[in-house]
2 protein chains.
Amino acid sequence: MESEFLEWLRARLQPHPALRLGPGDDAALVRLADSGTSVVTVDLVSDGVDFDLGSTDPRRIGHKALAINLSDLAAMAARPVAAVVALALPRAGALELAQALYEGLLPLAARYQVAVAGGDTNTWDGPLVIAITALGEPTARGVLRRDGARPGDCLLVTGRLGGSRLGKHLDFEPRVQEALLLHERYDLHAGMDISDGLTLDLSRLCQASGCGAELDLAAIPLDAAADAWARQLGDGSTALEHALADGEDFELLLAADEPTAARLVTEQPLAVPLTRIGRCVAEAGLWGLAGGRREALAARGYLH
Amino acid sequence: MESEFLEWLRARLQPHPALRLGPGDDAALVRLADSGTSVVTVDLVSDGVDFDLGSTDPRRIGHKALAINLSDLAAMAARPVAAVVALALPRAGALELAQALYEGLLPLAARYQVAVAGGDTNTWDGPLVIAITALGEPTARGVLRRDGARPGDCLLVTGRLGGSRLGKHLDFEPRVQEALLLHERYDLHAGMDISDGLTLDLSRLCQASGCGAELDLAAIPLDAAADAWARQLGDGSTALEHALADGEDFELLLAADEPTAARLVTEQPLAVPLTRIGRCVAEAGLWGLAGGRREALAARGYLH
């Protein structure tokens, strides 16, 4: 299966200036920027956990598997360069499945000039597993880390949150261009992507930065899907709760000082909204502000 | 589980000069040599295919998962720098299993100065899957490719072949130092590691190089395990057949011109034997020479 698949794949791979030796040898050669520093991230997704193969077009799954890696590079404001793809495919229909996965991920790779540098394609008796490692390079400003937020910083998010299970978790566009633009033009203190849930990811940013945070709950930008998802569940949950904890929004969570945040919100330099949702405080912990009250907020989200 | 595991892991990771930002952010920062070229390889191993978790110490599995990646870097004569590790762990006992896997791979990483740069640790209802991506850097001589063999070149292997199922497939030492030493001191035309079987891997080297090969069957260095394995199977198979097709020897298969090969065999610069096993020919295909006869040889081994 693998040799047949590799032949199919090689016919579809575009030449890429960073790819000095592509799929076919024991390893690939990837040329990085002269800084010689590589930004490396890996994500593994599997059937039944991150997607349901039985009810989902494998192209969307392939897209997601690469997009979550590009989102991690966006979270560092790094420029994507290359990716390697490891697959464990169920034996029945393995070749067709591998092709469909790549038909989903190759257009995304092309859109962000990501060289698909090789991979490891296996069949087995278990469910589909995809592990992608993405390589990026820092821009001249260096990477955007999650540990640079300071008390008094404003917190901002791109886009709208919640209800990702209704489709966004598969079809989202990683905020690569947005992160590069913001990091180049504005002085951001910290950033990450919202993968496991706003409150859980924010608690991680706070922990790394040694601060706490207050969220202005009325300001959280709700995706229409958050409300639709709450109604579909019919369990009394609210759109806000989904925005706080669903995860897989793959939007950017950013910290910047007050003047920078004011500029960001006024200038709105992105095609998606940039919203101020709270601020960092000196005291460790999370709080929600609503109706003049300040209450402790649980860090909720998806725990691996 | 993941946060608890990361805490455990961070306490065990040594500082590494190439690791500018380690596990904990959205991605890791790895400093590569000034060439700015990265040698990238990924391998995915899974329970029931590459190991049997039920009957194997997970430390050996962790060792193998990293060692096969280092073997791919050795196959390119590249210097290992860093690795990222993606795990899909069965839920029951996931933390203990993750720890045991790392207890197996960390000593190997330390031995070859490989920075464990981060990872993705997941639990699920499926069997254990490990996908490791290793990054290396070329030496001043560039990488050793598999497509440079020429008709008339001699073929050589390190070590002894066959019977890897009796334990070598788990416990082998990747030929990293051997490859670096040989590539620095000798003019090698082509190289790869024997992962799927001598004849199958040789057929790939020949295909990439546009040539064929003759193997001197009496010269193949047989591992004692090849004979033990044949006896254990009791199916009439011979040690030689296992040496030709078992795979997972993770020895180096090399091509060099006649004078270089003669020097290699005479000087024996490694702690393991270097053996001349045949030569490249212009005509595509594989042949075995034995008892004055020349017969077509099937490219046999493990097909993924």
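Since we're looking at a predicted model, the values are computed, not measured.

A look at the overall build of chain A
Here's step 1: Within chain A, the regular secondary structure consists of nine helices and 13 strands.
Here's step 2: Whereas a compact globule of 304 residues would reach a radius of gyration of roughly 19 Å, chain A reaches 20 Å, a difference of no more than 12%.
Here's step 3: Expressed as lengths along the three principal axes of its C-alpha atoms, the size of chain A is roughly 65 × 50 × 30 Å.
Here's step 4: Taken across its 304 residues, chain A has 62% of its residues classed as buried.
Here's step 5: Restricting the contact set of chain A to residue pairs at least 6 apart, pairs at least 24 apart contribute 85%.
Here's step 6: Accessible surface, chain A as shown: approximately 11300 Å² in total, 49% of it carbon and sulfur.

Notes on the interface of chain B and chain A
Think of interface size as the accessible area that goes away when the parts come together; that is how it is often given.
Here's step 1: At the interface, 52 residues of chain B touch 52 residues of chain A.
Here's step 2: Both faces considered, chain B and chain A share a buried interface measuring about 4400 Å² in area, 59% of it formed by carbon and sulfur atoms.
Here's step 3: Remark: the boundary between chain B and chain A carries four salt bridges.
Here's step 4: Between Arg146(A) and Asp26(B) there is a salt bridge, with its nearest N and O atoms 3.1 Å apart.
Here's step 5: At the level of secondary structure, the elements contributing two or more residues to the side of chain B that touches chain A comprise strand S2 (28–31), strand S3 (37–46), helix H2 (58–75), strand S4 (78–90), strand S5 (115–124), strand S6 (129–138) and strand S8 (188–193) of chain B.
Here's step 6: Examining the composition of the side of chain B that touches chain A, we find that nine residues originate from one element, S3(B), more than from any other.

Structural notes on the confidence of the model for chain A
Here's step 1: For chain A, per-residue confidence averages 95 on the pLDDT scale, and 99% of positions sit at 70 or higher.
Here's step 2: Here the predicted complex carries an ipTM of 0.94, next to a pTM of 0.95.

Digging into the pattern of salt bridges
A pair can form between side chains of opposite charge whenever their charged atoms are brought close.
Here's step 1: Counted under the stated rule, the structure contains 46 salt bridges over all chains.
Here's step 2: For Glu295(A), the salt bridge goes to Arg293(A), with nearest N and O atoms at 2.2 Å.
Here's step 3: Classification of Arg293(A) as exposed rests on a relative accessible area of 55%.
Here's step 4: As a salt-bridge pair, Asp187(B) and Arg141(B) come within 3.9 Å of each other at their nearest N and O atoms. Taken together, the residues span a long stretch of sequence, with Asp187(B) in the loop between helix H5 (176–185) and S8 and Arg141(B) in the loop between S6 and strand S7 (154–158) at a distance of 46 residues.
Here's step 5: We classify Asp187(B) as partly exposed; its relative accessible area is 40%.

Quick notes on the relation of the copies chain B and chain A
Mapping between the two copies of the chain is achieved by a rotation about an axis and a shift along the axis.
Here's step 1: Of the transformation placing chain B onto chain A, the axial shift is 0.0 Å and the rotation is 180°, giving an RMSD of 0.0 Å. Overall, the copies show the geometry of a two-fold rotation axis. Nearest to the rotation axis, the C-alpha of Gly36(B) is located 2.2 Å from it, this being the minimum over chain B.
Here's step 2: The residues that chain B uses at the interface reappear at the interface of chain A in 100% of cases, marking a shared surface.

Thoughts on the pairing of strand S10 (residues 252–256) of chain A
Residue and element names in this part refer to chain A.
Here's step 1: Burial analysis of S10 places five of its five residues in the buried class, which makes it a mostly covered element.
Here's step 2: Along S10, one buried face is formed by Leu 252, Leu 254 and Ala 256 and the opposite face, lined by Leu 253 and Ala 255, is buried too.
Here's step 3: The sheet contact formed by strand S7 (residues 154–158) and S10 spans four bridges and is antiparallel. Of the residues in S10, the one forming a bridge with Cys 154 is Ala 256.
Here's step 4: Of the pairings in the sheet, the one linking strand S8 (residues 188–193) to S10 comprises five bridges and is antiparallel in character. Among the inter-strand pairings, Met 192 is bridged to a residue of S10, identified as Leu 253.

A few points about the sheet that holds strand S12 (residues 286–290) of chain B
All names here are of chain B.
Here's step 1: Spatial strand order, S8-S10-S7-S11-S9-S12-S13: seven strands in an open sheet with mixed pairing. Both outer strands of the open sheet, S8 and strand S13 (293–296), are each paired with one neighbouring strand and no more. Strand-to-strand twist in this sheet, taken as the mean axis angle between neighbours without regard to direction, amounts to 25°.
Here's step 2: By the bridge criterion, four bridges tie strand S9 (residues 212–216) to S12 in an arrangement that is parallel. Within S12, the residue paired with Ala 213 across the bridge is Leu 286.
Here's step 3: Lying on the sheet, H5 is in contact with S8, strand S10 (252–256) and strand S11 (274–281); it crosses S10 at an angle near 5°.

What to know about the packing of helix H1 (residues 2–10) of chain A against helix H3 (residues 94–111) of chain A
All names here are of chain A.
Here's step 1: It is at 10 Å that the axes of H1 and H3 come closest, and there the two elements cross at 25°. Judged by the inter-axis angle, H1 sits roughly parallel to H3. H1 and H3 meet at a crossing whose hand is right-handed. Contacts from Glu 4, Phe 5, Trp 8 and Leu 9 in H1 reach Leu 95, Ala 98, Gln 99, Tyr 102, Glu 103 and Leu 106 in H3.
Here's step 2: Residue composition of the contact of H1 with H3, by class: seven nonpolar, one polar and two charged.

Observations regarding the side chain of His169(A)
All names here are of chain A.
Here's step 1: Mapped onto the elements of the fold, His 169 is located in helix H4 (residues 168–171).
Here's step 2: Residue His 169 is classed as buried on the basis of its relative accessible area, which comes to 5%.
Here's step 3: Within the structure, the side chain of His 169 is placed 3.3 Å from the side chain of Glu 248, a separation counted as a polar contact.

Here is what the cut-offs are and how they apply
- Residues numbered from 1 in each chain as written.
- Chains lettered and ligands numbered in written order.
- Predicted model: local features only at pLDDT ≥ 70, side-chain atom pairs only at ≥ 80, totals over all residues.
- Heavy atoms only, no water.
- Helix = DSSP H or I, 4+ residues; strand = E, 2+ residues; numbered from the N terminus.
- Rg over C-alpha atoms; globule rule 2.2 N^0.38 Å.
- Buried < 20%, exposed > 50% of the residue type's maximum accessible area, 1.4 Å probe, protein only.
- Contact = heavy atoms within 4.5 Å.
- Areas by Shrake-Rupley, 256 points an atom, 1.4 Å probe, with all protein chains shown as cover.
- Buried area = accessible area lost by both parts, 1.4 Å probe.
- Salt bridge = Lys/Arg side-chain N within 4 Å of Asp/Glu carboxyl O.
- pLDDT = per-residue confidence, 0-100.
- Least-squares fit on C-alpha atoms with pLDDT ≥ 70 in both.
- Pairing = 2+ DSSP bridges.
- Axes fitted to C-alpha atoms, helices over the stretch in contact; angles between N-to-C directions.
- Parallel < 35°, antiparallel > 145°, perpendicular 65-115°, else oblique.
- Left-handed = near helix turned anticlockwise from the far one by under 90°.
- Nonpolar A, V, L, I, M, F, W, Y, C, P; charged D, E, K, R; others polar.
- Polar contact = N/O pair within 3.5 Å; in protein donor to acceptor, adjacent residues only side chain to side chain.

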